[in-house]
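Observations on the three-dimensional arrangement
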Amino acid sequence: MTTPEPHRTPTDARKAASLIVLRDGAHGLELLMLQRAERAGDMRSRAVVFPGGVLDAADRHAHHFVVGPDDAAASARLGLPEGGLDYLVAAVREAFEEVGLLLACASDGSAADLRERATALASWRLRLQQGQGTMAEMCSALDLRLDLRALHYHSHWLTPPGVAQRFDTRFFTVLAPAGQEAVADLGEAQELMWTTPAAALDPARGWKLLPVTRTTLQRLTPFTRAADAHAEAGARREFPLNMPRIGRTGDGKPKIFLPWDYPWAEIGRVDPDGRDPPLAEIVAGRAVRLSPRIVRVTAPNPGVMTGPGTNAYLVGDAGGDGWVLVDPGPDDASHRDAILAAAGTRAITHVLATHTHPDHSPGAAAIARASGAAVWGLRAPPHPGQDHGFAPDHEPADGECLVLGPATTLRAIHTPGHASNHVCWLLQEERLLFTGDHVMQGSTVVINPPDGDMGAYLRSLQALLALELDWFAPGHGWLVAQPHALVRALVAHRRAREAKVVEALAALGPCAVEALVPSVYDDVPADRFPIAARSLLAHLLALRDDGAAAESHGVWRSPGAAAAPRTSGDRPDAR
Ligand SMILES: [Zn+2]
């Protein structure tokens, strides 16, 4: 299985360009939007969009009539072997046709007087709209050049697989050209609106916004000045391809998911071509096939700490007659019955527990009784909050392999940190790691001392970077693609938190863990402070091990600081 990199542009997608025209209005940054005409069966019918449209074969003829980047430079910016300039020309042409704004200059790059050409331009606009002329012909006739210096590449979107008409669209920003007024063409553009991003997003407006438009507006919302939004696009170095995917809601309706939505990667794995959009909701007890080898059944225990519930995974060789169960979950009769039903006529031969927290291992005994399976896992440590009834038949060594068939092997990866006895299981043939609670989707895991160990956790995270991985199958949440990127982000997140602990210790002086929580977890709601305090203690213990924090009688301090609490008058500077 190959790494799920962003899709290449499919050959059936039509190339398109859109222009985000920016100006400073009375209420800050304003954008030019238009409402598309009504068209039966077209998802863009009546949608409020940015000016734009598909590339025209004749756009290439205008290459000789531009001031700004040549095709090589434009293509490099857009990440294309060639033809990048066509997108910029199309963006300028569409803006002229649809809203009557023309980004043009004289052949030497100086400003061109468009007012004296107003009548001619109006007739050229009509001819272009009717396909009776080209931009090259217009530029030649009116002695004009398209001023592409004014455009900044902004973003790249591809319509989801499975929709009838796909568009591969490049977005550009531009500052509204001075002295020109936008006017609707009353064909494609029924109505023009200058709007702030926030007003466009206001549900009270009732505008129909496509996911791409909504996301673009959300990203422009923080800007108050047109120049700032334009400059930000110009300074960008990376332009990830954004391709939404289509899943299904519980009532069968299609629903769009964006790359940062949790179900997005899994939808792409189980339905890469958009032929049969899967249910994009995690429903307890429902068996979900994730590959010929893997079926997921989620326990009915959703909550703050368990997300949508604990995932149990049945893993088996495609041609085999047995299953290995990763994480039996809580001891819940309905969950056990759902797992046994999903296993069908194939016997469960092994039950593997990633660790012995009460939402992961207590179901092992009943499943083993029902199926005769052997129970594998590391014994519970003698701390509270553990499943002390967990009685494994075998304690797997780090690196030990369990062969399920000629093409299905699970390898034990010891990953202490969240729990001292935590074991992940690597399905080698799919480069997929069952992560238990070592990595969850959508949140950081709790590291709760004394069994939870932040230093060990970070080492266990780093160790995953040495494994060849394409997927995480977490104990809570959906499948996660690009696992190494997530690991790096998690490590960076913990390091940033650690830096805040060091800073808070220096700023507050000697104090108890609880006194540090509001400063270190100022991004966390106060009702989660008791849980945060446990992770904070884990950070402090790891810092103490590294000599970066000191503690006596429950009072923590910077290693160089005096042990006695300071008065508020002589607090050292936070730096
Ligand atoms: Zn856990």
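Residues numbered from 1 in each chain as written. Predicted model: local features only at pLDDT ≥ 70, side-chain atom pairs only at ≥ 80, totals over all residues.

Attention shifts here to the domain arrangement of the protein chain. Structurally, the protein chain comprises domain 1 (14-236), domain 2 (282-481) and domain 3 (495-570). Here the C-alpha centre of domain 3 lies 33 Å away from the C-alpha centre of domain 2. Facing the eight residues of domain 2 at the interface are nine residues of domain 3. Across the side of domain 2 that touches domain 3, the residue classes tally to four nonpolar, three polar and one charged. (Domains from an automatic or database assignment. Contact = placed C-beta atoms within 7 Å. Nonpolar A, V, L, I, M, F, W, Y, C, P; charged D, E, K, R; others polar.)

Here the residue pair Pro449 and Pro450 is connected by a cis peptide bond, since its omega of 10 degrees sits within 30 degrees of zero. Mapped onto the secondary structure, Pro450 falls in the loop between strand S23 (432-436) and helix H11 (454-464). We note that Arg46 has phi near 65 degrees; this positive angle belongs to a residue other than glycine. Assignment of secondary structure puts Arg46 in the loop between strand S2 (28-36) and strand S3 (48-49). For Asp143, which is not a glycine, the phi torsion comes out positive at approximately 55 degrees. The residue Asp143 is located in the loop between helix H4 (135-142) and strand S7 (145-147) in this model. (Helix = DSSP H or I, 4+ residues; strand = E, 2+ residues; numbered from the N terminus.)

Another point: the sheet that holds strand S21 (residues 408-414). Ordered by their spatial adjacency, six strands build an open sheet running S20-S21-S22-S23-S24-S25, and the pairing between neighbours is mixed. Of all strands in the sheet, those with a lone pairing partner are strand S20 (401-405) and strand S25 (480-481), marking the two edges. Across four bridges, the pairing between S20 and S21 is antiparallel. Within S21, the residue paired with Val403 across the bridge is Thr409. Running over the sheet, helix H12 (residues 483-508) touches S23, strand S24 (471-474) and S25 and is turned about 65 degrees from S24. (Pairing = 2+ DSSP bridges. Axes fitted to C-alpha atoms, helices over the stretch in contact; angles between N-to-C directions.)

Relative to the helices and strands, Ala120 is located in helix H3 (residues 118-129). Taking the C-alpha atoms as reference, Ala120 lies 8.0 Å from Leu142; in sequence the two are 22 residues apart.

This part covers the nonpolar core. Soluble globular proteins: nonpolar side chains tend toward being buried together. With 82 residues, the main nonpolar core has Val315, Leu325, Val351 and Trp425 as its most contacted residues. With eight residues, the top contributor of residues to this core is helix H14 (residues 529-545). Split by domain, this core shows at least three residues from each of two domains, domain 2 (282-481) and domain 3 (495-570). Counting residues in hydrophobic clusters, the runner-up holds 57 residues, among them Ala16, Val21, Leu34 and Leu101. (Core = buried A, V, L, I, M, F, W, Y, C linked by C-beta atoms within 7 Å. Buried ≥ 20, exposed ≤ 12 C-beta atoms within 10 Å, placed from the backbone.)

Between its first and last C-alpha, helix H2 (residues 84-99) extends 23 Å over 16 residues, near the 22 Å set by a 1.5 Å rise per residue. Taken across its 16 residues, H2 has 16 buried, putting it largely inside the fold. (Expected span 1.5 Å × (residues − 1).)

Moving on, we get to the sheet that holds strand S14 (residues 287-291). Strand order in the open sheet formed by six strands is S14-S15-S16-S17-S18-S19, and the pairing between neighbours is mixed. The strands lining the two open edges of the sheet, one partner per strand, are S14 and strand S19 (374-376). Each neighbouring strand pair of the sheet contributes to a mean axis angle of 25 degrees, computed without reference to strand direction. The pairing of S14 with strand S15 (residues 294-298) spans four bridges and is antiparallel. Bridging across to S15, Ser291 finds its partner in Ile294. Its contacts with the sheet put helix H9 (residues 333-343) on S14, S15, strand S16 (311-315), strand S17 (322-326) and strand S18 (347-352), and the angle it makes with S15 is roughly 160 degrees. Across the sheet, helix H10 (residues 364-371) lies against S17, S18 and S19, angled at about 155 degrees from S18, the strand it touches most.

Let us look at the confidence of the model for the protein chain. The predicted structure's coordinates, where accompanied by low pLDDT, should not be read in detail. Predicted confidence across the protein chain gives a mean pLDDT of 92, with 95% of residues reaching 70 or more. Throughout residues 1-7 the model reports pLDDT below 50, and contacts reaching past four residues in sequence, or to other chains, amount to 15 contacts. Here residues 565-575 is modelled with pLDDT under 50, and outside its nearest four sequence neighbours on either side it reaches twelve contacts, counting other chains as well. (pLDDT = per-residue confidence, 0-100.)

This part is about the packing of helix H1 (residues 71-78) against H2. Put simply, H1 and H2 touch, their axes get as near as 6 Å, and they point 90 degrees apart. Looking at the two axes, H1 sits roughly perpendicular to H2. Packed against H1, whose contacting residues are Asp71, Ala74, Ser75, Arg77 and Leu78, the element H2 presents Gly84, Leu85, Tyr87 and Leu88 at the interface. Here the contact of H1 with H2 is built from residues that sort into five nonpolar, two polar and two charged. (Parallel < 35°, antiparallel > 145°, perpendicular 65-115°, else oblique.)

Before going further, it helps to examine the pairing of S24. Going residue by residue along S24, you find Trp471 and Ala473 tucked away on one face and Phe472 and Pro474 tucked away on the opposite face as well. Examined bridge by bridge, S23 and S24 share four bridges and lie parallel to one another. Considered in S24, the bridge of Phe434 is made with Ala473. Between the parallel elements S23 and S24, the chain passes through H11 in a crossover that is right-handed. Here S24 pairs with S25 via two bridges, running antiparallel. Bridged to Trp471 within S25 is Ala481. Hairpin connection between S24 and S25: a loop of five residues separates the two successive antiparallel strands, and Gly477 in this loop has a positive phi of roughly 110 degrees. (Right-handed = clockwise from strand over helix to strand, strands pointing away.)

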